Amino acid sequence: MTTETVDLRSDTVTRPTAGMRAAMASAEVGDALFGEDPTVRALEERLAGMFGFSGALFVPSGVMANQIGLRLLAGPGEELVCDAEAHILAHEEAAPARYGGIQTRTVSAGRGLVTAEALAGALRAGNAYTLGTRAVEVEQTHTRAGGTVQPLETLRAVRKLTAEAGVAVHIDGARIWNAGAATRTPWAEYGAPVADSLSVCLSKGLGAPVGSVLLLPAEQLSRARKLAHGLGGGMRQSGILAAAGLYALDHHVARLAEDHENAALLAAGLRDAGFAVRPPETNIVLVEAPGAGDVVARAAREGVLVTAPGPGTVRLVTHLDAGRQACRRAVGVLVTALREAGTGARRSADTEHTATAEESTEAA
């Protein structure tokens, strides 16, 4: 008897549901590059309204949304400050420098939380001999730190500091949906009040097959569209894809709490078996596992797919295609794999484990 595979590599591995496929098949479309696709416009207008922005641009990927947003805020030879483990640095192919000519400088943020205190000594006013800081980037939730949530009060403090310094803020909100589900924060509070631009992903957590939306002031839309076209993001009848995003907003946001509950189930099962696990805030679980690559291989042979982004960490990500029963099975397989790989039973306090750069999560 073949056992069904449990894929916990990322929340990007989901397949469109029957309802989502039906919405895509029936989507009204036009030429999006000419601004004539009604479904794309509906998605953009809805998200702009949710997060309090006057403009929005639907693009193929989160990387593209981030890079357009950053290039609108900082030009060639100008400076961007972000966390040293930010996705835009670790997983976006050096795009700020390669395509935008932007210099990046980093701060070390515990658990990926970029605070006003951390930034206070990093922002530079600039003069004839010193490069000034033009923008700050924050990630919500923070992928490499294990899905940690940037608290609203922290974002407000960062916004206050940067506004006083004349510095703009971009939020990489790839998993902002998980942050909202975990904290019950109104979407509008996570948007325009704390950022000049915000990218939100539809294929992480929400289960759409592709797409992200960059939220920004309407007066920047013309330039944003030109940048997207130059990066290969000019799409035609993309309402078929936008329809998946609209369906996800209607049907998949409220259920994110289930993913968080399943992440807690995974963490508790592995912790009860004696392994050191960082308590998940959202849908990402990090497990201390010397010889992590061996653990991944052993689990895969039993039909449980996970990742080892570093030699000492295994990462699990819950999503709508991995329900409670699947996660229970994953616990059993992983406990055996961890033990067989020689990961000794190691108890640790919930606050003791801090992932290093090598023991962090991957791009997805």
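For the structure, see preceding data.
Residue positions are given per chain, counting from 1 as you read along its sequence in written order. The predicted nature of this model means local features are confined to residues of pLDDT at least 70 and side-chain atom pairs, given and counted, to a pLDDT of 80 or more, with totals for whole chains, interfaces and linings taken over all residues. The basis for every side-chain value is the complete set of heavy atoms in the structure, and neither hydrogens nor water enter the calculation.

Student: Got a sec to walk through unusual backbone geometry? Specific residues and values, please.
Tutor: Here the amide bond leading from Gln-140 into Thr-141 is cis, since omega sits at -10°, within 30 degrees of zero. The topology assignment puts Thr-141 in the loop between strand E5 (133-139) and helix H7 (152-165). The phi dihedral of Ala-94 is positive, around 55°, even though this residue is not glycine. Secondary structure elements are defined from DSSP: runs of H or I of at least 4 residues count as helices, runs of E of at least 2 residues count as strands, and each element is numbered from the N terminus. In this fold, Ala-94 is placed in the loop between helix H4 (87-90) and helix H5 (95-100). Residue exposure (1.4 Å probe, protein chains only): buried if accessible area is under 20% of the type maximum, exposed if over 50%, otherwise partly exposed. Of the residues examined, Ala-94 reaches a relative accessible area of 44% and is grouped as partly exposed. Even without being glycine, Arg-184 reaches a positive phi, approximately 60°.

Student: Now, about the environment of Ala-299: what can you tell me, with residues and values included?
Tutor: Checked against the element boundaries, Ala-299 lands in helix H12 (residues 292-301). Separated by 34 residues in the primary sequence, Ala-299 and Val-333 place their C-alpha atoms 6.1 Å from one another. In this analysis, two residues are considered to be in contact whenever any of their non-hydrogen atoms come within 4.5 Å of each other. Residues within four places of Ala-299 in sequence aside, it is in contact with Val-304, Val-333, Leu-334 and Ala-337.

Student: Please set out the pattern of salt bridges residue by residue, giving values where relevant.
Tutor: For side chains of opposite charge, pairing can occur when their charged atoms come near one another. Every case where a carboxyl oxygen of Asp or Glu lies within 4 Å of a side-chain nitrogen of Lys or Arg is listed as a salt bridge. What the rule picks out here adds up to 17 salt bridges. Of the charged contacts in the structure, one is a salt bridge between Arg-111 and Glu-281, with a shortest N-O distance of 2.2 Å. Here the residue Arg-111 occupies a position in the loop between strand E4 (103-107) and helix H6 (116-120), and Glu-281 occupies one in the loop between strand E9 (277-278) and strand E10 (284-288), the gap between them amounting to 170 residues. The salt bridge partner of Arg-298 is Glu-340, with a shortest N-O separation of 3.3 Å. Separated by 42 residues along the polypeptide, Arg-298 in helix H12 and Glu-340 in helix H13 (residues 324-340) bring together distant segments of the chain. Glu-340 sits in the partly exposed class, given a relative accessible area of 49%. Taken together, the shared-partner salt bridges in this structure form one network comprising Glu-79, Arg-105 and Arg-124.

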